[in-house]
Amino acid sequence: MHASRLFSVIDSHTAGHPTRTVISGIPPLRGHNVRAQRDDFRAVHDGLRGLLLHEPRGHAAMVAAVPVPSREADQGLFFIFSYMYADMCGHATIGYIASLAATGALPQGFEQTGMSIETPAGIVHVTGTFEAGQLTSVVLRNVPSYLASADVAVEVEGLGKVTCDIAYGGIMYALVDASQVDLPFDIDHASRWCHAGVAIKQALNSASGHPQVGSVLFHQAIEGGARHLVILATNKFDRSPCGTGTSARLAQLHARGELATGAPYRAENILGVPFAAKVAELAQGKDGQPAVIPEVRGMAHISAFSTLVLEADDPLSAGFLPN
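Bear in mind that the values here come from a model prediction, so they are computed numbers and not experimental data. (Residues numbered from 1 in each chain as written. Predicted model: local features only at pLDDT ≥ 70, side-chain atom pairs only at ≥ 80, totals over all residues. Heavy atoms only, no water.)

Caption draft 1: Focus on the overall build of the protein chain. Across its full length, the protein chain holds six helices and 18 strands. In terms of overall dimensions, the protein chain is globule-like: its C-alpha atoms have a radius of gyration of 19 Å, near the 20 Å expected for 323 residues. Dimensions of the protein chain, computed from C-alpha atoms along their principal axes, come out at roughly 55 × 45 × 35 Å. Classification of the 323 residues of the protein chain by burial places 52% in the buried group. Of the contacts formed within the protein chain by residues at least 6 apart in sequence, a portion of 61% connects residues at least 24 apart. Accessible area of the protein chain: about 13600 Å², with a carbon and sulfur share of 49%. (Helix = DSSP H or I, 4+ residues; strand = E, 2+ residues; numbered from the N terminus. Rg over C-alpha atoms; globule rule 2.2 N^0.38 Å. Buried < 20%, exposed > 50% of the residue type's maximum accessible area, 1.4 Å probe, protein only. Contact = heavy atoms within 4.5 Å. Areas by Shrake-Rupley, 256 points an atom, 1.4 Å probe, with all protein chains shown as cover.)

Structure, rendered in structure tokens:
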């Protein structure tokens, strides 16, 4: 074997959605903050995105968490999806913390005070719960989240008129009551929900008067909260209840007077695995709008410790990603 590149990674899943924490192999990145380092990776090393996340080493739903230095927080972290770069990712932050715990690499004092993490969206704070010294859940206090536009109506091909709210939780989401789509809300119909979500996203982003959305979160009421299905692209959906999507949902419900500060909210994924969430406190958004600090509790589970290899003569060094 003539290996030209080696990458040490820890794979985990958070309620079903994968995170690949890249421990080594990323070249030094330029930039005075995490956003700048992420942008340098995108500009100079984007080919590694395909190598790390696309087939044959990954798949369409794979997400990477890349630790980098931070001058503002205990640690820096940026996120790479198979098809894009995200400013914030809740499930991957949880996966990163679980990966540190699995290797005994949590910072000293984490059990008492947690740690701060600088992301491209801002600084978040994570703590954990422990039993007999073992990490049992990760608690994420996310960036300020807010309702951006309410009761946005749009005509969607194949669906007719769809009404949604648009809210920010680190990423901008369209929040859509699933009852507006005539499909069973289950994993067996995930591909059809993907097409419906992409159609709504395209219709919204072709219109004006509201922010552009990155993803569509369908929600269906359950006792104490809602079941979530976040559509990312035509063949990509979030298997977890979605940390940033849950944050956006908390902001929406609080702004509408439907969820009090501190009240519990159960965010359940399409597989029935929950996050526990609440509005931890009130805040202001970047532009001064009323916002909330969401708190999302979940857990990730380790699936592999691996060394990814690129051989010098590999004809698919950038990988491939079927649409």
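Caption draft 2: Fine view of the packing of aromatic side chains. In the structure shown here, the tally under the stated rule is seven aromatic pairs. Aromatic side chains Phe 81 and Tyr 83 sit 6.2 Å apart centroid to centroid with 50° between the ring planes, which places their arrangement in the tilted category. A centroid spacing of 6.2 Å and a plane angle of 75° characterise the contact between Phe 110 and Phe 130, whose relative ring orientation is edge-to-face. With Phe 110 in helix H4 (residues 110-113) and Phe 130 in strand E7 (residues 122-131), this residue pair connects regions lying 20 residues apart in the sequence. With a relative accessible area of 23%, Phe 130 lands in the partly exposed category. Among the aromatic side chains, those forming a connected cluster through ring pairs are Phe 41, Phe 78 and Tyr 85. The ring of Tyr 85 carries Arg 42 above its face, with NZ or CZ at 5.2 Å from the centroid. (Phe/Tyr/Trp six-rings, centres within 6.5 Å; stacked < 30°, edge-to-face > 60°. Lys NZ or Arg CZ within 6 Å of the ring centre and 35° of its normal.)

Caption draft 3: Here's a closer look at the nonpolar core. Among the nonpolar cores identified, the biggest contains 79 residues, and Ile 97, Trp 193 and Phe 218 are the most heavily contacted of them. Of all the elements, helix H5 (residues 190-206) adds the most residues to this core, at eight residues. For Trp 193, the contacting residues outside a window of four places in its chain are Ala 178, Val 181, Leu 183, Pro 184, Phe 185, Asp 186, Phe 218, Leu 229 and Ile 231. Listed in part, the 19 residues of the second largest apolar core include Leu 51, Val 66, Tyr 85 and Leu 310. (Core = buried A, V, L, I, M, F, W, Y, C linked by side-chain atoms within 4.5 Å.)

Caption draft 4: A look at a nonpolar patch on the surface. A surface patch of nonpolar side chains, about 230 Å² in accessible area, is lined by Ile 187, Leu 271 and Val 273. Relative to the elements of secondary structure, Ile 187 occurs in the loop between strand E11 (172-177) and H5. On the basis of relative accessibility, which here comes to 36%, the residue Ile 187 falls in the partly exposed class. (Patch = residues over 30% accessible without salt bridge, like charges linked within 9 Å, V, L, I, M, F, W, Y side chains within 5 Å. Salt bridge = Lys/Arg side-chain N within 4 Å of Asp/Glu carboxyl O.)

Caption draft 5: Representation of the environment of Met 115 within the structure. Here Met 115 is to be found in strand E6 (residues 115-119). Note: C-alpha distance between Met 115 and Gln 75 (40 residues apart in sequence) is 7.9 Å. Those residues in contact with Met 115 that sit more than four places away from it in its chain are Asp 74, Gln 75, Ile 97, Leu 100, Pro 107, Phe 110, Val 124, His 125 and Val 126.

Caption draft 6: Inspection of the side chain of Asn 269 at higher detail. Structurally, Asn 269 is set in the loop between strand E15 (265-268) and strand E16 (274-284). Among the polar contacts made by the side chain of Asn 269, one reaches the main-chain carbonyl oxygen of Ala 15 at a distance of 2.8 Å. At 2.7 Å, the side chain of Asn 269 forms a polar contact with the backbone oxygen of Arg 239. Here Asn 269 is in contact with Ala 15, Arg 227, His 228, Arg 239, Ser 240 and Pro 241, once residues within four sequence places are set aside. (Polar contact = N/O pair within 3.5 Å; in protein donor to acceptor, adjacent residues only side chain to side chain.)

Caption draft 7: Inspection of the pattern of salt bridges at higher detail. Evaluation of the coordinates by the stated rule reveals 15 salt bridges. For Arg 256, the salt bridge identified is with Asp 151, shortest N-O distance 2.7 Å. Of this pair, Arg 256 sits in the loop between helix H6 (243-255) and E15 while Asp 151 is found in strand E9 (residues 146-156), placing the two residues 105 residues apart along the sequence. Overall, Arg 256 belongs to the partly exposed group, its relative accessible area being 35%. Each of the salt bridges in this network shares a partner with another, and the network as a whole consists of Arg 35, Arg 38, Asp 39, Arg 42 and Asp 87.

Caption draft 8: Local environment of the pairing of E16. One ladder, built from four bridges, connects E15 with E16; its direction is antiparallel. Its bridge partner lying in E16, Arg 266 is registered against Ala 276. Linkage of E15 to E16, two consecutive antiparallel strands, is achieved through a turn of five residues, within which Gly 272 is found at a positive phi near 90°. Bridge count for E16 against strand E17 (residues 290-298) is eight bridges, and the pairing is antiparallel. (Pairing = 2+ DSSP bridges.)

Caption draft 9: Highlighting the pairing of strand E3 (residues 63-68). Within E3, five of the six residues are buried, which leaves it mostly tucked inside the rest of the structure. Strand direction decides the pairing type here: strand E2 (residues 17-24) and E3, joined by two bridges, are parallel. Directly across from Arg 20, in E3, lies its bridge partner Ala 64. As defined by bridge partners, E3 adjoins strand E4 (residues 75-81) across six bridges and the pair is classed as antiparallel. Its bridge partner lying in E4, Pro 67 is registered against Leu 77.

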